[in-house]
Amino acid sequence: EPTRQALDAVTGDVPAALAARDSHSLWLNSAALARADGDLLVPGGVVELDERGEPTGVLREESAWHFRDRAVEIADEEYVKAMRAGLRLAAARGVTAIHDKDGWLGGHRFFQRLRREGALTLRVWQSLPYDLLPQLAVVGLGPGLGDDLFRIGYLKAFMDGTLGSQTARLLDGSGVVIVSGDELEEIVRRAAELRFPVAVHAIGDLANREALDAFERTRDVWAPLGLRHRIEHAQLLAADDIGRFAALGVAASVQFSHAPSDRDLAERFWAGETHRAYAWRSLLDAGAVVANGSDAPIEELDPWAGVVAGVLRTLDERPAWHPEQAVTLDEALQATCVTPAWLSGDERRRGKLLPGYLADLVVLDRDPFECEPEELREVQVVATMLGGRWVHGPPPWS
């Protein structure tokens, strides 16, 4: 396991904080720990300790985020520079819209700056952290503020941690509680007063069950308003809970690429239970609304790679992992192109090639419906259009 001493050996006295791939853990050296001045353990957080009871340097969940927000300094210009590069990459990969989840980092101000400069080449449906509810209530701010390119849309909360950090909350009692079921119930009720839908991160089977329970207990409040709530990831589900997504009208906002990417970790940490992990086929067969995203930067911001992962259930040369949970190409495209527009309330103007809809489209180098399954990996994005304007690879094409 990582230790501060191991990191000290290569960083010396320079404060260093390395983020885990899932962004739910930090590995600190001694100089970084000193910056915390003992302020490490917070509700919903984990501070790993060594045999002497001293911090190893590994922080998880709320403890990691508390340290990040308090001690890690990143200049606004650094964020914006990275976002400019990200926008170019997104356009090259056929991304015309994102549902942004980093509202607690203040991402909205960076997107608004890019919008003012005319540099925003995709549509942003922006989340805000649920703990801003009191301030939002004071000013009476609900969803919809913005324009066609940038719009405030929904609230984000976390039930548990992740598979990789071993903090996903499971029915066996393991994992970390970030927001309890009772707390989520209150969040959903308060959000409904302002007409905000809620996206709640839930990885483990217990976290998903408690999230569904909270939505069920509050259904009489939000369902008449037509709010489109979602559970983010829904990676491990008890069999009894799969049908509840459709029954309650709660969308499963998943990432097809997570299944082949996480397969080794899942076999290690969820041994014997992977038949009910990343169960996209089961959710669709039960009538659930399934949306496919990337979870970038945890996975690559690459919609086509996600489509391929959903269909093939593999991203490398290994055989498909739990192929019984694969989706069809048409289902993968619906989940990637159509359902996200529905979640943001844009289903009558985006997500389809129809007269009167916004001309957000991608040109591919071949018809994927004419491809053999293995050939899907070779499909390339040629050009991307946003609202009738080419943002990548304009014609003529060779």
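Residues numbered from 1 in each chain as written. Predicted model: local features only at pLDDT ≥ 70, side-chain atom pairs only at ≥ 80, totals over all residues. Heavy atoms only, no water.

Trainee: So what's going on with the overall build of the protein chain? Residues and values would help.
Mentor: Looking only at helices and strands, one finds 15 helices and 14 strands in the protein chain. With the principal axes as the frame, the protein chain shows a C-alpha extent of 65 × 55 × 45 Å. Residues classed as buried in the protein chain amount to 49% of the 398 residues present. Carbon and sulfur atoms provide 53% of the accessible area of the protein chain, an area that totals close to 18,200 Å². (Helix = DSSP H or I, 4+ residues; strand = E, 2+ residues; numbered from the N terminus. Buried < 20%, exposed > 50% of the residue type's maximum accessible area, 1.4 Å probe, protein only. Areas by Shrake-Rupley, 256 points an atom, 1.4 Å probe, with all protein chains shown as cover.)

Trainee: Give a description of the packing of helix 4 (residues 76-92) against helix 5 (residues 107-116) that names residues and reports values.
Mentor: Packing of helix 4 against helix 5 brings their axes to within 10 Å, and their N-to-C directions diverge by 65 degrees. Note that helix 4 runs across helix 5; the crossing there is right-handed. Residues D76, E77, Y79, V80, M83, R84 and L87 of helix 4 lie in contact with helix 5, whose contacting residues are R109, F110, F111, R113 and L114. (Axes fitted to C-alpha atoms, helices over the stretch in contact; angles between N-to-C directions. Left-handed = near helix turned anticlockwise from the far one by under 90°. Contact = heavy atoms within 4.5 Å.)

Trainee: I'd like a description of the pairing of strand 10 (residues 251-254), backed by residues and values.
Mentor: Going residue by residue along strand 10, you find A251 and S253 tucked away on one face and A252 and V254 tucked away on the opposite face as well. Relative to strand 10, strand 9 (residues 230-233) is paired through three bridges, and the arrangement is parallel. Of the residues in strand 10, the one forming a bridge with I231 is A252. (Pairing = 2+ DSSP bridges.)

Trainee: So, the packing of helix 14 (residues 303-312) against helix 15 (residues 329-343): which residues are in play, and what are the values?
Mentor: Geometry of a packed helix pair, given as the angle between the helix axes and the separation of the axes. Between helix 14 and helix 15, the least distance of the axes is 9 Å, while the angle of their chain directions is 140 degrees. Of the possible angle classes, the one that applies to helix 14 and helix 15 is oblique. In the crossing of helix 14 with helix 15, the sense of the turn from one axis to the other is right-handed. Contacts from P303, W304, V307 and V311 of helix 14 reach helix 15 at L329, A332, L333 and T336. (Parallel < 35°, antiparallel > 145°, perpendicular 65-115°, else oblique.)

Trainee: Help me get a handle on helix 8 (residues 205-217), residues and values and all.
Mentor: Counted at 1.5 Å a residue, the expected span for helix 8 with its 13 residues is 18 Å, and the 18 Å between its end C-alpha atoms agrees. Within the sequence span of helix 8, burial applies to D205, L206, A207, N208, E210, A211, L212, A214 and F215. On the buried face of helix 8, the contacting elements are helix 7 (181-193), strand 8 (198-202), helix 9 (219-222), strand 9, helix 10 (239-242) and helix 11 (244-248). (Expected span 1.5 Å × (residues − 1).)

Trainee: Requested: an account of unusual backbone geometry, with residues and values cited.
Mentor: Among all residues except glycine, the phi angle is most often negative; among peptide bonds, the trans geometry is most common. Geometrically, the link from A296 to P297 is a cis peptide bond, its omega value of 10 degrees lying close to zero. Looking at the element boundaries, P297 is found in the loop between strand 11 (290-292) and helix 14. A cis amide bond, omega 10 degrees, links P395 with the succeeding residue P396. Turning to its location among the elements, P396 is positioned in the segment after strand 14 (389-392). Positive phi outside glycine occurs at E61, with the angle close to 55 degrees. Within the secondary structure, E61 sits in strand 4 (residues 55-61). One non-glycine residue with positive phi stands out, namely A234, at about 45 degrees. Positionally, A234 belongs in the loop between strand 9 and helix 10. By relative accessible area, which is 0% here, A234 ends up buried.

Trainee: Kindly report on the sheet that holds strand 12 (residues 361-364), identifying the contributing residues and their values.
Mentor: Pairing within the open sheet is antiparallel, and its three strands lie in the order 12-13-14. On the outer flanks of this sheet lie strand 12 and strand 14, each paired with one strand and no other. Strand-to-strand twist of the sheet, defined as the mean angle between neighbouring strand axes without regard to direction, takes the value 30 degrees.

Trainee: Describe helix 3 (residues 62-71), and please don't skip the residues or the numbers.
Mentor: Considered for burial, the residues of helix 3 that qualify are S63, A64, W65, F67 and A71. Lining the buried residues of helix 3 we find strand 1 (17-19), strand 2 (25-28), helix 2 (30-36), strand 3 (45-49), strand 4 and strand 7 (150-158).

Trainee: I'd like to hear about the pairing of strand 6 (residues 123-129), residue by residue, with values.
Mentor: With seven of seven residues buried, strand 6 is to be regarded as a mostly interior element. Residues of strand 6 alternate between two faces, with R123, W125, S127 and P129 on one and V124, Q126 and L128 on the opposite face, all of them buried. One ladder, built from four bridges, connects strand 5 (residues 97-100) with strand 6; its direction is parallel. Residue pairing across strands places H99 opposite W125, the latter belonging to strand 6. Relative to strand 7, strand 6 runs parallel, the two sharing six bridges.

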